[in-house]
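These are the residues of each chain, in order.
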Amino acid sequence: MPKIKTVEHLNSIESYDGVKPLDAIAAELNIPVSKIIKLDGNENPYDPLPEVLAALSSLKNIGHYPDPLCLNLIELLAKKENLDANNFIISSGSDELIELLIKAYINPSNSILSFSPTFGMISFLAQVQGIKNISVSQQLLKKESFARYILDEDQFLDEAKRSKIVFIARPNNPDGNVVSEKFIKRLVSLPVLVVIDEAYVEFSDFQSLAKWVPQHENLVVLRTFSKAYGLGGLRVGYGIMPNDIRKVLVSIKQPYNVNIAGQRAAIAALSSPLVDQRIKEMKKTRDWFINQLKMVQKQYKNFWIHPSEACYVLLTFESPDIPKKLYTNFYSKGILVRYYSSSDMINNLRISIGLKENMVKVIAEFKLFLKGGN
Ligand SMILES: Cc1ncc(COP(=O)(O)O)c(C=O)c1O
């Protein structure tokens, strides 16, 4: 029997490896799960919100299919954002909306546009659908203790004229940088669909662009309950967009894309006063962490810190062997951080912001590592 072939564009696909389950890592390191400090997925480090736990434990009717449109959740979000309910769609994580937008608007001859480095899911989902992702490389600029990726905005705008959809994470993952409103204004004036991924906007001092949606036919804003609301494991995201785009996405999505637990948990999370408190705490910890890193940097000078508007901090090292060794050293101690093997990111390591006591441990271990001459 001949081997059954996949569609041709999947022959060279690189799979998107999600994070490893904690119990597997704990077994490998022979330590309890509770001793692992998980800083590799930009997840929320706190215990589940009590309101969410209460909502989940009172779930009934799980034998019935969920509301396909998530109308109760949409009503709350529309009120919160002061926008029309017809501007909202709920999804199985915001990742699903990236996939649906490509499905709905991209022909095989079209391309999407992003810059690099950015969130890997954009190029992965384009690849899965056999679509070309044009990526404009940003330039790395180092100044004193800090590094920053700089986008050539004119080059990007020029490319945008030849693209169908532009994806921009704002704040960007992995560096936490925020492109200016002025630049987005220039982008949305072009005949291209502009998708602003605001997965981390709650941690930023910059304003969300959701309020621009009613004035622009070509602007989509993506949000998620995975980060600030701590529901990554339940997969709830949402999009804010013009009604005609929403209708298209609703018409092609799987009807029951968000399960009952996710819908209820998101509704409960919106009612929790702890969310804002925890965001404030994480921002404080992030700023403390960056200050500590700055002091370490002044002594060792072999790495640079990316200022961050999100719940993680990217470090760029002077050579690729340092992040590799540091990642392995941290891993052996149960500290998980994000290592990159791709050539454009090989000098970098991303560390998510966890509880303060865990970040204290990270700084102590980092100093020990550097003191030991790597
Ligand atoms: C920029 C960005 N957008 C979206 C997501 C995924 O969000 P969700 O869990 O809602 O699919 C991530 C997750 O890391 C991200 O970094």
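As the structure is a prediction and not an experimental result, all values here were calculated from the model.

## As for the overall build of the protein chain
Phase 1 of the analysis: A tally of helices and strands in the protein chain yields 12 helices and 14 strands.
Phase 2 of the analysis: A compact globule built from 374 residues would reach a C-alpha radius of gyration of about 21 Å, and the protein chain, at 21 Å, matches this within 12%.
Phase 3 of the analysis: Overall, the C-alpha framework of the protein chain stretches about 60 × 60 × 50 Å when taken along its three principal axes.
Phase 4 of the analysis: By the burial criterion, 50% of the 374 residues in the protein chain qualify as buried.

## Overview of the side chain of Gln263
Phase 1 of the analysis: Structurally, Gln263 can be placed in helix 9 (residues 260-270).
Phase 2 of the analysis: Residues within four places of Gln263 in sequence aside, it is in contact with Pro66, Asp67, Cys70 and Val258.

## Quick look at the site of the ligand
Phase 1 of the analysis: Taken together, 13 residues lie near the ligand, and Ser94, Asp197, Tyr200, Thr224 and Ser226 sit nearest.
Phase 2 of the analysis: Within the side chain of Lys227, one N or O atom sits 2.9 Å away from an oxygen atom of the ligand.
Phase 3 of the analysis: Taking 390 Å² as the accessible area of the ligand by itself, protein coverage stands at 93%.
Phase 4 of the analysis: Looking at the shell around the ligand residue by residue, the class counts come to 4 nonpolar, 5 polar and 4 charged.

## Looking at the environment of Met282
Phase 1 of the analysis: Within the secondary structure layout, Met282 lies in helix 10 (residues 274-300).
Phase 2 of the analysis: Along the chain, Met282 and Pro48 lie 234 residues apart, while their C-alpha atoms are 15 Å from each other.
Phase 3 of the analysis: In this view, Met282 contacts Asn44, Pro45, Tyr46, Phe203, Cys311 and Ile353; residues no more than four positions away in its chain are not counted.

## With respect to the packing of aromatic side chains
Phase 1 of the analysis: Under the counting rule described, the total for this entry stands at 13 aromatic pairs.
Phase 2 of the analysis: Judged by centre distance (5.8 Å) and plane angle (40 degrees), the ring pair of Phe303 and Phe317 falls under tilted. Of the two residues, Phe303 sits in strand 11 (residues 303-305) while Phe317 sits in strand 12 (residues 312-317), which places them 14 residues apart along the sequence. Accessibility classification places Phe303 together with Phe317 in one group, the buried group.
Phase 3 of the analysis: Relative to Phe366, the ring of Phe317 has its centre 6.3 Å away and its plane inclined at 85 degrees; by these criteria the two rings are edge-to-face. Here the residue Phe317 occupies a position in strand 12, and Phe366 occupies one in helix 12 (residues 356-371), the gap between them amounting to 49 residues. The pair Phe317 / Phe366 is uniform in exposure class, with both members buried.
Phase 4 of the analysis: Taken together, Phe88, Phe225, Tyr229 and Tyr238 form an aromatic cluster joined through their ring pairs.
Phase 5 of the analysis: The ring of Trp304 has Lys142 sitting right over it, with the charged end atom 4.2 Å from the ring centre.
Phase 6 of the analysis: Its guanidinium or amino end placed over the ring of Tyr312, Arg350 lies 5.7 Å from that ring's centre, counting from NZ or CZ.

## Digging into unusual backbone geometry
Phase 1 of the analysis: Backbone torsion omega between Ser116 and Pro117 reads 0 degrees, so that peptide bond is classified as cis.
Phase 2 of the analysis: Here Pro117 is to be found in the loop between strand 3 (111-116) and helix 5 (120-128).
Phase 3 of the analysis: Here the amide bond leading from Asn173 into Pro174 is cis, since omega sits at 25 degrees, within 30 degrees of zero.
Phase 4 of the analysis: By the secondary structure assignment, Pro174 is in the loop between strand 7 (165-169) and helix 7 (181-188).
Phase 5 of the analysis: Phi is positive for Asn30, close to 60 degrees, though the residue is something other than glycine.

## As for the domain arrangement of the protein chain
Phase 1 of the analysis: Partitioning the protein chain into structural domains gives domain 1 (8-47 + 274-371) and domain 2 (50-270).
Phase 2 of the analysis: Just the C-alpha atoms count here: the centres of domain 1 and domain 2 sit 24 Å apart.
Phase 3 of the analysis: Of the residues lining the interface, 37 residues belong to domain 1; the matching set on domain 2 comes to 37 residues.
Phase 4 of the analysis: For the pair domain 1 and domain 2, the summed buried surface comes to about 3,100 Å²; carbon and sulfur atoms form 59% of the total.
Phase 5 of the analysis: When the buried area of domain 1 at its contact with domain 2 is split by residue, Tyr16, Trp304 and Glu309 rank highest and sum to 22% of it.
Phase 6 of the analysis: Here Lys283 and Asp205 are joined by a salt bridge, their closest N and O atoms 2.7 Å apart.

## Looking at the environment of Lys367
Phase 1 of the analysis: Here Lys367 shows up in helix 12.
Phase 2 of the analysis: Lys367 sits in the partly exposed class, given a relative accessible area of 40%.
Phase 3 of the analysis: In this structure, the C-alpha to C-alpha distance between Lys367 and Leu293, residues 74 residues apart in sequence, is 9.4 Å.
Phase 4 of the analysis: Not counting the four nearest positions on each side in its chain, Lys367 is found in contact with Val296 and Tyr300.

## Remarks on the pairing of strand 13 (residues 335-339)
Phase 1 of the analysis: The buried fraction of strand 13 is high, at 4 of 5 residues.
Phase 2 of the analysis: Pairing of strand 1 (residues 37-39) with strand 13, which is carried by 3 bridges, proceeds in the parallel orientation. Residue pairing across strands places Ile37 opposite Ile335, the latter belonging to strand 13.
Phase 3 of the analysis: For strand 13 and strand 14 (residues 348-352), the ladder comprises 2 bridges, and the chain directions are antiparallel. Directly across from Tyr339, in strand 14, lies its bridge partner Leu349.

Basis of the calculations
- Each chain has its residues counted from 1, running along the sequence as written.
- Restriction of local features to residues with pLDDT of at least 70 applies here, the model being predicted, together with a cutoff of 80 or more for giving and counting side-chain atom pairs; totals for whole chains, interfaces and linings are based on all residues.
- Excluded from the side-chain calculations are hydrogens and water; all other atoms, namely the structure's heavy atoms, are used.
- Counting from the N terminus, the helices are DSSP H or I runs at least four residues long and the strands are E runs at least two residues long.
- Using C-alpha atoms as the atom set, the radius of gyration is obtained and then compared with a globule rule of 2.2 Å times the number of residues to the power 0.38.
- Type-normalised accessible area, obtained with a 1.4 Å probe on protein chains alone, sets the label of each residue: buried when under 20%, exposed when over 50%, and partly exposed for intermediate values.
- Two residues form a contact once any of their heavy atoms are found within 4.5 Å.
- Summary of the distance rule: residues count as near a molecule or strand when at least one heavy atom falls within 4 Å of that molecule or strand.
- In the analysis that follows, any N or O atom pair within 3.5 Å is treated as a polar contact, provided that within protein one partner can donate a hydrogen and the other can accept it, and provided that, for residues neighboring in sequence, both atoms belong to side chains.
- Using the Shrake-Rupley algorithm and a 1.4 Å probe, accessible areas are obtained, with residue cover drawn only from the displayed protein chains.
- Classes in brief: Ala, Val, Leu, Ile, Met, Phe, Trp, Tyr, Cys and Pro nonpolar; Asp, Glu, Lys and Arg charged; the others, Gly included, polar.
- Centre distance within 6.5 Å is the pairing criterion for rings of Phe, Tyr and Trp, where only the six-membered ring of Trp is used; planes under 30 degrees apart are then read as stacked, over 60 as edge-to-face, and the remainder as tilted.
- Any Lys NZ or Arg CZ that is within 6 Å of a ring centre and within 35 degrees of that ring's normal is treated as a charge sitting over the ring.
- For each domain, the first and last residues come from an automatic or database assignment.
- By buried area we mean how much accessible surface two parts lose on assembly, using a 1.4 Å probe and totalling the loss over both.
- We count a salt bridge whenever a side-chain nitrogen from Lys or Arg sits within 4 Å of a carboxyl oxygen from Asp or Glu.
- Here, any two strands with at least 2 DSSP bridges between them count as paired.

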